[in-house]
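Structure at a glance
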Amino acid sequence: MARDHKPLLRRARVLAAAAAMVALTAAGTVLAGTPVAAAAKPKGHDVSSHQKNVDWQSARAKGARFVYVKATESHTYRNPYFGRQYDGARDAGILRGAYHFAVPDKSSGATQAAYFVRNGGAWRADGWTLPPALDMEYNPYDKKQKCYGMSKARIVSWIQAFSDELERETGRRPVIYTTTHWWNTCTGGSGAFAANHALWLARYDSADTGALPAGWSTWTFWQYDNSGTLPGDQNLFNGSMTRLKQFAAG
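Here's what I pulled together on the structure shown here. Everything numeric in this text was worked out from a predicted model, so none of it was measured. Here the residue numbers are simple positions, counted from 1 along each chain's written sequence. In keeping with the predicted nature of the model, local features appear solely for residues at pLDDT of at least 70, side-chain atom pairs appear and are counted solely at 80 or more, and the whole-chain, interface and lining totals rest on all residues. For side-chain calculations, the full set of non-hydrogen atoms in the structure is used, while hydrogens and water are omitted.

1. Some words on the packing of aromatic side chains
Rules: Here a pair means two rings of Phe, Tyr or Trp (six-membered ring of Trp) with centres within 6.5 Å. Their orientation is stacked below 30 degrees between planes, edge-to-face above 60, and tilted elsewhere. Secondary structure counts use DSSP, requiring at least four H or I residues in a row for a helix and at least two E residues in a row for a strand, with both numbered from the N terminus. Whether a residue is buried, partly exposed or exposed follows from its accessible area with a 1.4 Å probe, protein chains only, as a fraction of its type maximum: under 20%, in between, or over 50%, in that order. Sitting over a ring, as applied to charges here, requires NZ of Lys or CZ of Arg to be within 6 Å of the ring centre and within 35 degrees of the ring normal.
In the structure shown here, the tally under the stated rule is 17 aromatic pairs. Consider the rings of tryptophan 183 and phenylalanine 193, whose centres lie 5.9 Å apart with planes at 80°: the pair is edge-to-face. Of this pair, tryptophan 183 sits in helix 6 (residues 180-186) while phenylalanine 193 is found in the loop between helix 6 and strand 9 (199-202), placing the two residues 10 residues apart along the sequence. Judged by centre distance (6.2 Å) and plane angle (35°), the rings of phenylalanine 237 and phenylalanine 247 are tilted. One end of the pair, phenylalanine 237, is in strand 11 (residues 233-237); the other, phenylalanine 247, is in helix 7 (residues 241-249), and 10 residues separate them in sequence. Phenylalanine 247 matches phenylalanine 237 in its accessibility class, with the two residues each being buried. Grouped by ring-pair contacts, the aromatic residues Phe66, Tyr68, Tyr99, Tyr177, Trp200, Phe221, Phe237 and Phe247 constitute a single cluster. In this structure, arginine 96 is placed above the aromatic ring of tyrosine 86, and the distance from its NZ or CZ to the ring centre is 4.1 Å. Over the aromatic face of tryptophan 123 sits the side chain of arginine 172, whose NZ or CZ is 4.7 Å from the ring centroid.

Laid out in structure tokens, this is it:
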């Protein structure tokens, strides 16, 4: 997968689609991929350099209330559109945060966290900046090493090192983006992070989030589709707009 575009968790999403073809509600049948909570929760999206020059005023008019922007990957790549995307969202009145795509076999968690902070992953308590996010998913560059050739214990240690360095530099623990399938496969269902890390769950083609990764009893963000009315991937926040602003402010 090209580095200017956030890799997709295709295997997990195919499994999710197969497991949830339809969902039933009191109102009748809801087609798969239609979140039953969508009407009551703030809508958002996430973008990378694949979206290039986003029309933020249009996104706001279509309901965007928050966005995550890809800042970095590994310890060598920075999204060349990051500044204009990140600042453009704020200028349009959209809460925004930065995310880092982890490539754990290239350098340590602390190294990648420090690179992330230097290149867009900083945080400030201004009420507009969401806590930085860590994107953990299957290796898009080597399908034979889907967990980056690392043991479950090493993956857990890598995430912990990233989180510790990010907190040291910004005062916030990262939001963790993942799927239940990846988490179970590559961390062994670790429950080490649920107590102090918000969950950003990716699950497509379903009317609900399904089973959550080990330890988490609730989700904070849900990426429910990779296309829709907003540029990039489609997301919901699990709470009110007031709560979203409180979450941003820390």
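2. A look at unusual backbone geometry
A positive phi angle, near 65°, is found at tyrosine 148, a position not held by glycine. Among the secondary structure elements, tyrosine 148 is positioned in the loop between strand 7 (133-135) and helix 5 (152-170). Here the phi dihedral of aspartate 205 falls at roughly 55°; this positive angle occurs in a residue that is not glycine. Among the structural elements, aspartate 205 can be located in the loop between strand 9 and strand 10 (221-225).

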